[in-house]
Structure formats: structure tokens, C-alpha cells
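Residues per chain are reported as follows:
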Amino acid sequence: MAAADDLNVFREEARQWLNDNFPSSLANQRPPGIAGFGAKLSGDWKAWQERLGEKGWSTPTWPAEYGGGGLTPEQAGVLAKTMREIGAISPIGGFGTMMWGPTLLDVGTEEQKQRYLPDIIRGNLHWCQGYSEPGAGSDLANLQSFAEDKGDHFLLNGSKVWTSGALEADWMYGVFRTDKSNKYQGISFLTLDMKSAGVEVKPIVLISGQSPFNEVFFTDVVVPKENLIGEKNLGWDIGKRLLLHERQSIAGSSGDDDVVGGSYDIEQVAKDYIGMDGDKLADGAMRERIAEQKMFAHAYALTGRRFSDEAAVSGPSAAVGILKVAWAKDNQNREEMLIEMLGNRGLGWEGDGFKESEIKTVRTWLRSKANSIEGGTTEINLNLVAKRVLGLKGY
Amino acid sequence: MAAADDLNVFREEARQWLNDNFPSSLANQRPPGIAGFGAKLSGDWKAWQERLGEKGWSTPTWPAEYGGGGLTPEQAGVLAKTMREIGAISPIGGFGTMMWGPTLLDVGTEEQKQRYLPDIIRGNLHWCQGYSEPGAGSDLANLQSFAEDKGDHFLLNGSKVWTSGALEADWMYGVFRTDKSNKYQGISFLTLDMKSAGVEVKPIVLISGQSPFNEVFFTDVVVPKENLIGEKNLGWDIGKRLLLHERQSIAGSSGDDDVVGGSYDIEQVAKDYIGMDGDKLADGAMRERIAEQKMFAHAYALTGRRFSDEAAVSGPSAAVGILKVAWAKDNQNREEMLIEMLGNRGLGWEGDGFKESEIKTVRTWLRSKANSIEGGTTEINLNLVAKRVLGLKGY
Amino acid sequence: MAVLTEEQSMLKDQAHAWARDESPVTSFRQLRNSAAEKGYEDNTWAQVATMGWTGILIPEALGGSGMDYATFGVVLEETGRQLVASPLLASGLVGASALLLGNNEALSQQWLPRIADGSAIVTLAVDEGPHHAPDQVAVTATRSGEGFKLDGSKVFVLEGGSADAFVVAARTSGTAGEQAGITLFLVPSDTAGISVSTLKTADSRGYADLGFNGVEIGADAVLGEVDGGFTLLDALLDRARAGLAAEMLGTACEAFDRTLEYLKTREQFGQVIGSFQSLGHRAATLFMDMEFARSCIEAALRAIDAEDPEAPILCSLAKCKAGEFLHDMSNDMIQMHGGIGMTDEFDAGFYLKRARATEATFGGQSFHRRRYISHFGI
Amino acid sequence: MAVLTEEQSMLKDQAHAWARDESPVTSFRQLRNSAAEKGYEDNTWAQVATMGWTGILIPEALGGSGMDYATFGVVLEETGRQLVASPLLASGLVGASALLLGNNEALSQQWLPRIADGSAIVTLAVDEGPHHAPDQVAVTATRSGEGFKLDGSKVFVLEGGSADAFVVAARTSGTAGEQAGITLFLVPSDTAGISVSTLKTADSRGYADLGFNGVEIGADAVLGEVDGGFTLLDALLDRARAGLAAEMLGTACEAFDRTLEYLKTREQFGQVIGSFQSLGHRAATLFMDMEFARSCIEAALRAIDAEDPEAPILCSLAKCKAGEFLHDMSNDMIQMHGGIGMTDEFDAGFYLKRARATEATFGGQSFHRRRYISHFGI
């Protein structure tokens, strides 16, 4: 009972603080961009970013000593609910809060935590992730970018690929080869300043015509020794741990969204492009497929929420790999259904002949094809679940 | 043009012979059982069996010297079409005509062909197939039944499982271990008389309550040396070749059936158990699923026919493995749809509470679960196609 | 799995141990082989009642323990694992819920103590055709003196052959297809004019078709409102669906566990078959389906307990996801076991047959997809 | 593949070599990059015409070679492999078929020689909404003097921006949704009152929306029967569907071949990725889909040539199976290539975009499932 009372006290405290600090002009508004992922906010959004970051509630459960909120998981749940109720959305995010910060909390030195975490919490720096390399594909540990140990620094040469946000990023964290004689035990986890001499970024044009990803080239880039996270040559375990946080963040984000009746209104598209027969969609087969899609998304959201609750108790589990698989499947299925419902309007590329919403749907559909490849292919994630969760051999 | 003329001459010959020999009482009748697979026919059916077998048209393309029809593939096509037109169905079939005979034609000695083929052609003997063994599963070559070479005979001990029709069979052909030191090069292809001392047959009860399969136990069974087909220890290749004929026979049989509007009337079940809304099924989603099922079956039949035509030119190909996979998928999908449409009537097991057709549907549905296991599992067949047709490594 | 209360943990352990030791699948096999008409063993039923599971939902004052649906779900999941055959769901959950929701004090006083101690079986009679369709009620309840007269027939009534009373959905006005005009009645099974025909089903459980031929009942037999019974029926059915979904989850989880164990031990071509990626990936996908189904079922049960207005869509979601997972799992249990899975000697057939029976009960996957999407205006 | 005639074999080899050498996917890439309004290169089109493919169906007396649809399919399969962009299907097959079936000697004499030598493009204007629905024609053709006056609009007309004439399905009586009352007209594109708006589509081909505003045409513009045009339209569409299905098969086969090659050469974790069973089984399944699609398409084309009454259901079967295979294959081409498949630099995106465009043209998979099943009385 005492615990429940404490939560009520906290709820009041949170309400009061939000009342004093959340600009009412932003209620139910989506941020124009994410601080910590390329956006430089201004006006009320900038003020909100600063106040939230100062309070540490952008990362509610991170320790207060590094600038985090220092809340218990229960309190963080109350905070999230309270923010939802008044339509307050955090504009701070990106790789820093989702993956890099949690990993650093697990494995960083005290000094490294003091150095990196405060800026992540405030959304001051935009981090990008240097993992994939040309030719490596799903075999992530097949790294060629070589950080040669030069005594007081590493000298980095090579390249990374599929790096999202690299064009605007301030810093990169990633995995790099430091020993060519040992595949897994020859990888180190490093950070590097993207403004360092010898770093070059080149956008990749996708089939959607957009360029959310980049190639990053390193030519004799000097990386100070202090940028080594964990031990030299033992960075692969840190890298894998971070990926668990990545998948967990997918689980967490789904749990926060109100997927049922969410913002992507497949029902409206169905009404507009197929039409109704009384109170039912005129196409009975499509109606049932929409139901399947929405129910899958609903089950996914409930599972994400449950896994988040369980992770708050026992830490991230390899079981979240199924959420990554499900997320890709659901996205791709929904986008395909939208294209099918749009019919010949679902072929719009540009120009006045198509509505903006139609062209956007086509681009989003094409972009979604990467969902089952990025962040670990569906095949790799199923391998991981088979091995680590089900205990099967041979994966 | 000469060829076409010849075919016209043959068409007339076939019509005349059928007019003289096919009992008109049997027009469009299905035989009460298959001679060569357990049935002892009587009356008009027996007369028809004898005349057809004597003419060799039960196996139209087999060489006349062994009692076959001696027809070209084109002539056989004309014969099949002519028989369809007057509703004449051959009552001769089973493993002998489908797999064992074609294999024997490929690999048997002149003496063996003379010994076995005439009875197969006339449907005089019922053959069963001894392949699977307890515990071997998909690893068919993992054979334990041992035929010890005793000079003038083999002494057979062990058992076979999943042997269909063994209870009524006169003879068995199959693969048996003759060398324990070599997995694949220690197998021989033998025939044996099921009335031999030491052969015991025990039916297996399936989840459908039926017993189409048996276990067959061998205790010191004497198998004469003349029953060896091909060379000793080199029977595995013959065994595999026979399986190709098995899959080819699936292709061929589908091609003969008129699948579109076939005998299993899923539309009628839909009308009776779901109902109509005007000229369309009341359930739009189920209507589209039925369309998918029927179109898959149609595509399967067309492909079976095409593969048969091609095999007539170039012999059986591993590509027929996909027909086995498709056959299982289609059967199982159709049976599941029937059960779903029957609703709570699709749970009938026995008694007056259910119609005979309902109970039969339930039993058939349960039996169909074996379709993706028997005759090579779906997984094994996909492996074979990946390896032999697509040329992929590792299968 | 959601974090359990201490009470729920205890019940889960108790149910798990009892089912494993006292009523495992071999007990069900004996029952099936005996071809017992009523589809359960008296001894099993007596034990279920003795452990108090029949009274989980019933207030302490009426002989129960006054717990909630989430707790009931924990027990049903465990009995579902071993295919325990008893009227626990039909009477302890559905029958009891009808009285708990039915707002008829006299009937509650009369029947709930007997449901709680297992001395009475009360079951729901709703469907009249091959498919679940609660608004298609056509059995008529015409005014007759102070009471009503029932005519028509019901099908596929759970434990219909051994029930002491039926909760009958009948039409006091309107026509089949309308929600308005439906009324629920509690009718003792020995009332004159009722005929009961038991069914022999593939899952070997107790079902019956019922005939009502001028069955006279009093006005005091009404549960809920005359003509306004559909809301009550729908709420009652949602409880039935969520409870059945929990049982189905247990059945499917056991099928999953047994199959996974087989994948780890059965060798072919010199390696365990679970190391073949086609099987390993399928197992991982089934694991996903299992986790998704569990999330939905737990959410549905909690929503009922919390009187959450989203309970109806969550119950449809739960029943559908349980059905989809159990459907695929029961098929894959056979496929992954190969030939042995096809034999009656092995248990996989029991899981398959039970799967389709529970799928068809209280609405199959299609029914619930349509019920779910109708909440979204299309 | 069905056994080919000598003529077909020759044409197949010719088409294969020409597409590979003169109009491979890199040519299409250049076309796409040039953002040419009309969606094909004049030079490509001239070569296609010079090789006589535009005249395959047209009698020798009118400048063609008088071959059959099965032969046309052989060529389209090869051009489909390399995504060759030209009005060959729209004019050489569909436009020509309208005249061949339309029973209007004067129009045939006037247009068929020009279609055959590529100097005129004649295309079909049928749909008016986002989904293919030939009986939903609403464009009106009202009697006006000796002729008719057209009002309304058509969408998604193949090569609509460069066509010299349109075959327009219009309504001379009845209302949208009825088959009776539809009439086909051949209308030169420079007729007063026609407006043409070209579209920029994902597959970078030539499409246009058309507007008809009091377009006056003579009675001699009628193809087939006044009010009875639906039968002609349906037969014409079936030829279009079977021909397009052959082109789609080629597109999908090329995607299959390239992907299979990648599975055999790309290494990860020290082995070629095709050795992973999840990919190998998917490839084997796609092989099945490919073989099934081929059987259906060949049967449909042969049925058209043989005037088989089963041609309509075979054409729906062919278009549906081609669509299903191309849909899955275009998705799997990207997935199996991984990240590289997502880049514009690689060709997979072209196959994917072309796939959905052809799926939507002349009826998608759902349309044809429903058309097929309607033949079975449900």
C-alpha cells in the first residue's frame, strides 16, 4: 500500500512539474524533429527540450548522477501515462537514448558515463551507429574497417554502410577491427567525432528515391585511446549487447503508441478507395485482411508492453527478437495492403496526376521493404530466437 | 501430317476396340476397387479388367513384348481422351503400374521383366512397397532390416513401417541392407513373396481411426537370390529412381483428372453450410479463399499435365518434387477449409448426431495430415528441388 | 507471462501438479477409449470441485472464493495443457458468469452454491446452426400465462448431456438476426418438453443438441432483462471466450513444449532435426505466435476484471489469436513429429482434434476478426 | 515450357538476343533517368516494329505476319525479362485485337497496317476509377445526329500520352455496373474535346488520364455491336490479360534467375547463402510458383488461339498466378539480396515497381479470383 501511496505522491509531483514546464502550445503536437537525431529545435520546442533535459525526464529511469530522471520503472510508467494524458511528447531521442546510453550504463567507466550521458539526456548531440560494412551483410562481425593501435591513438581506415543520420551526426559509436587474426575476439567498440579529419559521408539513394542511409569513409582518422569503450579486442560482446537494446527499444516504442486507432488510418484509405456497403467495407475479403492486420498490430503492441514490463524486472531478453520480426512483417503487410487498396493510384511517383498522400504512400511502401533487412534481417533474428530462446543447436 | 493421319487411324481403332470390349454398364462408373491394389473384381468389372489387361492398354506405353500396349505417348494421349469421352475407367493400378513396373523397365534384366511385368499389366498381383523403417523417418537410407547373404538366398530379419496395403498384398518390393559397413552402398533392391514364412503384418491405427498403413515384420525370411533387382549393394540408386516415378505418377494422375469442377464439390459444401447472398456466397472472405484453392488446384493440374508431356520426351525430372509438395498443400488446405465451413458439424466422429458425409469429411481431414509426410516430407522434397533442380549447395 | 499475484502463483502450481499427476493426457486417453457418453470422469470432476476451482468466481457467501477471471485463466491454462476433461469451463466459468451477471437474486441463491461445490452443472445453450451466431437466435419464448413457453432447438451445447440446467437464449420478440428481442432463461434440464441428444465428437468431449417442445417456464426464470438479453449474452460470451482462450493457450503451449523437445532430441541425417533451419525458423515463428496469444489473453482477462470498455474487442482478439496459434501449432505438432505424429498411439491427434473443437466454440477466428473490425466502422 | 513450334523458337531466340543486346535493363535505367514524358524511346519502338513484332497478330494482307497469341506470348516473355519499355503490348496486342475482334472492315483497313508497321499506336481506354472494373463504365456516348457524343473520363490508359487512337468503352444505355449498354468506339486522339494528362508513375512507363468533353464521333467509329460491346470488351481484355501475364512471367523469371545466381555466389558466415535452408526452401517454393504460373499462362494463350470456351477462366487464372508469382518474387528479390537490393543503384527496385504496375493493370489478383469463382456458381 505504501508503494501505491508513493506513486500517487509522484503522480501529483509530475503533474505539477508538467503544468509548470510543458508549453501548452505543444499539447498533442508531434515534434518537428528529434533532438539527438538531426533536429535543431527552436521556440517552444527548444524550451521544452531544455526543461525536459534539465529535469532528466527524457530518460526517466537513468541515474540522477548522470543527469537522468532517477525514477523507478513504476514511476516512469506513471510519468509516461501522465504525459500521454496532457499530450506531451518528448522531443529528445535517437540512437543515444535508445541504445548507446543504455549500453554505456551497462559497460562504461565512470568517466565515460560522465563524459557522454549528460549530452545524450539533453539531446545536445546527434549520435550515429557504425556497424554494417560493405560486403558484410548479415555477418556483422565480418568487419574490415581497421583501427590500428598507434600507442596513444588508433588510426582508422575503412568504411561503414547503412549508417542512418550520418550526414547530420556529431558523433559515431561503433565496432571496428583491431586484430586481423581473430574474427570475434579482434573487434573493439569505439566512439569518434564525425568532424575528425578523414571522415567522409556519402548518402545512399534507395529505391524509394529517399536517402535515409549513408556510406561513411575513414581515411587515416585519428581516434584517441580514451574513445575505447570496454577492453580492446573485446568489443563484440558490447556490440551484441547494444543490439539487444535496439530490439528492446522497438518493443518499448510499440508499447507507448496507441496502436489501436493509431495515426495511420488504414480504415480511411479503405473507405476512400474501396467504398462501403452499408456499415461494412464493400470488399469482404479485404475487410477480413484489414482485421487481421489490425489484430496483429494490436497483439504486437500488447506484447511490446508486456516485454517492457518484464525487461524492467529482468533486463532485455533475446525474446525481443520476435518483436523485430513482427514489426517488419506488420509494416510490410500494412504497406502492401495500402498499395493494393489504392489500385492504380498506388503507382504515383510525382507530379500533379497524383495526390500528395498517394505519392507518400508509394514512397513509404518502398521504404518498408528494408524493414526485414535493417536492424538484423528477419532470418538472422529467427536464428537468434531459435538459438538463444529456444535452445536449438546449429544457429 | 503423316503423324496426324496415323493418330486418326489409331483413334478409330481405339474407338472400335472400346466399343467391342468396354461393358456399357460401366460407363462413367468408378471401379469398386483397384485390381493390383487389394481388390478382387467380379462380374462386368472382372471382364473389363481381363480384356484391358490382355490388350495391354492398362499400361499403354509399356512394350508389347511384356504384354504392354506398345503405344507412343501421342497414341496413349488419344487413348486416354477416347476413354474419357465414353467414361471408361481402368480398374488396374497400384504400385505395380505406377512405380515398380516403370522402374523394372529401366533397370531389370530381360528375365525379370518377363517374370513380373505381365501380372502387373493384368492387375493379377497386388504389390506393396517396403521402404520406410521404424526410426528412420526422412532419412530413408538409414535402413536396419538386414538381408544376410547365405549363398543361394538372403536371410531377412527386421521390419518395415508405413507400408500401405501390406495386409492384402501378394508381393513386396523394397530396399534392404545387405552391407552394414556402408550406408548408401550397402543397400539392395529385393522382391519377396508376402506369403513367405516369417512375414507378419500389423496394421497401424491413425488419428483418423483408419488403418491404411501397416508394420511388416521379417523373421528369418528366405528370399531367393533371383529376387535381387540390379546389383547387390547398389540398390539405393534403384530405390531413388523409383521415388521419381512415384512423384511423376502424382503429376500424371492429376493431369488425367478433370480438376475443374471435379468430384469433390467444395462449392456445394459452401452453399449448404454457409449459404448464398444472391448469386454469391454469403461469406466474401471464404469465397475468395475457395477461389484461391480452386485456382491452385487448377494450376497444379495444368502443371502435372505439362510435366507429363515433357517427361514423355525427356524422362522423369526432380522438378516433379514440387508437385508432391503442392499436392500435399492443396489437399490439406482444402480439407481444412471444409472443416471450417462445416463449423460444429465438422467435429463429428460417429453416431446418429452427424451425417455420414460430415463424419467422412472429418476422417478425410485427419488422414490428409499425413500428405506432407508420406512419399517424402515437404521439407525433404524442397531440399531435393533446391539441390537437383536449382543446383544449390548444402542439401 | 504477466506478473502473478501470490494467490495466482499458488493456484497455478496446484493446477499444474494436479493435472500432471492426477489427470494427464493418459487419463484422457482412457476416457476416450471407454467411449463414456458424457465426456468426462466423475472422479476427475469431483477432484476439480474439491480443489475449489468451480467456485473461483463465486462470492464466499455463496460457497466460492470470490476471485477473478485472470485467476481462473491461470487454472484453465494448466488443465488445457493436459486436455483435462471436465465441465469446469462450461459450468464453473460460463454457467456461474450467467448467474453473476444475470441480476436474479433468487436464482443465484439457488444455483451458485451448487455450481461452487460441483453438485450442479449449469451450461449455456446459444447456437442453433453450424456456426456461432449469437444474434441468430430463433428459439421462441412466447408469453404463456405468467411465464413463457419455449420452442425450437439448440446445438452443440457444452456438457449438454450431463447439465442440470441450461441458460437458454431465446427470442421474446423480433426475428433471427436482430439483437433486440433476445432474453436469457435459466431452465432446469428436467423440465418437461426438453429432449437431449448427445453427440460423438472427434475430441471425445460432452456435447449435446437440445430440442424444446412447448417447454413451460416461469417469469422467475429470466436472467437480465426481457427483450434486452443480448447485452448480457454478449458479456457472458466474452467471459466464455477469454476463459476458453486461456485453456486453448495451455493446450497449444503443451504442444509447443513437446514439439520443441522432439526437435532437440530426434536425430536424422546425423543431427538433431531442430538444427534444420526450416524447422528452427518455424519453431521461432510459433514462439512468436505463442507470446502474442498470451499477451492478448492476459489483457482480455484483466480487462474483464477491470470492467474496461475495451473488453469486448480484447476478448475477440484473445479468442482469435488463441485460435490461430492453436490451429497452426496442432498442425505443426504432427508435421514436425513426422509419421509417429499420425498414429493414434501418439498424443498429437488428441491435440489436433481438441484444437478444432475449441476453435469452433464461441466463435472461430473469422467470427472474431469480423466482430473486431466492426468496432472500427468498416 | 511447352514444346515450341519452329517459328516460335526462332522468335524466342531473336527476342532474347535483341533484348539482351539492344534493350537491357540498363536501357530502361537511362530512360528512367531521362524522365522522358512518354515512357519509351523512339529508337526502341522503331526496332520493335522493324522486327515485325507489332504485326504478329495482324493478317499478312494488312502488313502483319498472321501468327497467334501463343507466339506473341513468347516475345513478350523475353521483353518482360529486360523490362523493355514500348507500346508493343498496348498497341500491337491490345489495340490490334480490338480491331481484329471488332468486325469493322473499314477501321481495320485504316488502322491495322499502321499498327503493324508501328506508325500508329492504338490503345484501350476502359477504367474510370482506381480499380479495374470493366462493367463500371460510366463515360456516356449519347446519340448526336448520325453519330455519338462522348462525355466523361478514363484513367490509367497505357501509352495514353502517345497514342494516335483510343478504343473507348462507353455507355450507350444502362448505368454503371451493368454489362448491357456498353459500346466500343475507335476515337483518334486528335479529335476535338479530348484532353490528355500524362502521369508520372513509379514504373516510369507511359500512362495518361483522359477527359472527354462533348467529343463528336461518327457511327462508323463503332467496334462490334452498339449496346452489346461488353462481350467484345471482355474478349479483348482476356487477350490483354494473357499477353500481359506472359510479359509478367518474363519479368518474374528474370528476377528469379538473378536471385538464384546471387544465392549461389554470395557468401556469408563462410558459406554461400543459398545453402541456408530458409533461403533454399523459399527458392524451391518460388520455383513451384514459377512453374505453375507458366502452365497457366501457356494454357490461356493456347485456349485463346483455339477459341476454347474455357479461355475466360484460364485468362483469369493466368493473370492471377502471374501476379502472385511476380508479387512474391519481386519482394523476395530484395529480401534475398539484402541491403544492396534496397539501393536505387541495383535493379531490384525496377522489378518491384514494374511488378505492382502490371499487377494493377487489367485486374489484380483479387479481381481475377472473383471473376474465376463466379464461374462456379458461388
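All values reported here derive from a predicted model rather than from experimental measurement.

**Student:** How would you summarise the overall build of chain A if you had to cite specific residues and measurements?
**Tutor:** Counting secondary structure elements, chain A contains 11 helices and 11 strands. Relative to a compact globule of 395 residues, whose C-alpha radius of gyration would be 21 Å, chain A shows 22 Å and is just as compact. By principal-axis analysis of the C-alpha atoms, chain A measures approximately 75 × 55 × 50 Å. Counting every position in chain A, which comprises 395 residues, the buried fraction comes to 55%. Taking contacts inside chain A between residues at least 6 apart in sequence as the whole, the part at least 24 apart equals 70%. Total accessible area computed for chain A in this model is approximately 16600 Å², and 49% of it derives from carbon and sulfur atoms. For chain A, the centre of its 43 positive side-chain charges and the centre of its 54 negative side-chain charges are spaced 3 Å apart.

**Student:** Please give an account of the domain arrangement of chain C that cites residues and values.
**Tutor:** Residue and element names in this part refer to chain C. According to the domain assignment, chain C contains domain 1 (6-120), domain 2 (123-228) and domain 3 (231-375). Between the C-alpha centres of domain 1 and domain 3 there is a distance of 21 Å. On the domain 3 side, the residues contacting the 21 residues of domain 1 number 28 residues. Summed over both partners, the interface of domain 1 with domain 3 buries about 2100 Å², with 64% contributed by carbon and sulfur atoms. Our count for the domain 1 to domain 3 interface comes out at 6 salt bridges. Between Arg294 and Glu77 there is a salt bridge, with the nearest N and O atoms lying 2.7 Å from each other. On the surface where domain 1 and domain 3 come into contact, there are 12 residue pairs in polar contact (both at pLDDT 80 or more). Secondary-structure elements contributing two or more residues to the side of domain 1 that touches domain 3 are helix H2 (25-34), helix H4 (69-81) and helix H5 (88-102). Here the residues of the side of domain 1 that touches domain 3 are counted per class, giving 11 nonpolar, 5 polar and 5 charged.

**Student:** Give me the packing of aromatic side chains: which residues, what numbers.
**Tutor:** For the structure on display, the rule yields 52 aromatic pairs over all chains. On the numbers, 6.3 Å between centres and 40° between planes, the contact of Trp127 of chain A with Tyr173 of chain A is tilted. Pair noted here: Trp127 of chain A is in strand E1 (residues 127-130) and Tyr173 of chain A is in strand E4 (residues 171-177), with a separation of 46 residues, a long-range link. Ring centres 6.5 Å apart and planes at 50° place the aromatic pair Tyr300 of chain A and Phe292 of chain C in the tilted group. With Tyr300 of chain A in helix H8 (residues 284-314) and Phe292 of chain C in helix H8 (residues 277-305), the pair connects residues from two separate chains. For Tyr300 of chain A, a relative accessible area of 6% translates into the label buried. The class of Phe292 of chain C is buried, set by a relative accessible area of 2%. An aromatic cluster of three or more residues is present, and its members are Trp100, Tyr116, Trp127, Trp171, Tyr173 and Phe189 of chain A.

**Student:** So what's going on with the confidence of the model for chain A? Which residues, and what values?
**Tutor:** Taken as a whole, chain A shows an average pLDDT of 92; of its residues, 95% reach a score of 70 or greater. A low-confidence stretch, residues 254-263 of chain A stays under pLDDT 50, and its non-local contacts, those more than four residues away or across chains, total 17 contacts.

**Student:** So, the interface of chain D and chain B: which residues are in play, and what are the values?
**Tutor:** Between chain D and chain B, the residue contacts involve 41 residues of the former and 42 residues of the latter. Summed over the shared surface of chain D and chain B, the number is 3 salt bridges. Notably, a salt bridge pairs Glu291 of chain D with Arg306 of chain B, separated by 2.8 Å at the nearest N-O pair. Counting every contact that joins chain D to chain B gives 15 residue pairs in polar contact (both at pLDDT 80 or more). Among the elements of the structure, helix H7 (229-265), helix H8 (277-305), helix H9 (311-337) and helix H12 (365-373) of chain D are those that each provide at least two residues to the side of chain D that touches chain B. It is H8 of chain D that contributes the most residues to the side of chain D that touches chain B, 15 residues altogether.

**Student:** Give me the interface of chain A and chain C: which residues, what numbers.
**Tutor:** Listed as interface residues are 42 residues of chain A and, on the opposing side, 41 residues of chain C. Taken together, both faces of the contact between chain A and chain C bury some 3300 Å²; the carbon and sulfur share is 70%. For the chain A face of the interface with chain C, the top three residues by lost area are Met295, Arg306 and Leu390 of chain A, together amounting to 21%. There are 3 salt bridges connecting chain A and chain C. Of the charged contacts in the structure, one is a salt bridge between Arg369 of chain C and Glu288 of chain A, with a shortest N-O distance of 3.0 Å.

Thresholds applied
- Residues numbered from 1 in each chain as written.
- Chains lettered and ligands numbered in written order.
- Predicted model: local features only at pLDDT ≥ 70, side-chain atom pairs only at ≥ 80, totals over all residues.
- Heavy atoms only, no water.
- Helix = DSSP H or I, 4+ residues; strand = E, 2+ residues; numbered from the N terminus.
- Rg over C-alpha atoms; globule rule 2.2 N^0.38 Å.
- Buried < 20%, exposed > 50% of the residue type's maximum accessible area, 1.4 Å probe, protein only.
- Contact = heavy atoms within 4.5 Å.
- Areas by Shrake-Rupley, 256 points an atom, 1.4 Å probe, with all protein chains shown as cover.
- Lys, Arg positive; Asp, Glu negative; His and termini not counted.
- Charge placed at Lys NZ, Arg CZ, Asp CG, Glu CD.
- Domains from an automatic or database assignment.
- Buried area = accessible area lost by both parts, 1.4 Å probe.
- Salt bridge = Lys/Arg side-chain N within 4 Å of Asp/Glu carboxyl O.
- Polar contact = N/O pair within 3.5 Å; in protein donor to acceptor, adjacent residues only side chain to side chain.
- Nonpolar A, V, L, I, M, F, W, Y, C, P; charged D, E, K, R; others polar.
- Phe/Tyr/Trp six-rings, centres within 6.5 Å; stacked < 30°, edge-to-face > 60°.
- pLDDT = per-residue confidence, 0-100.

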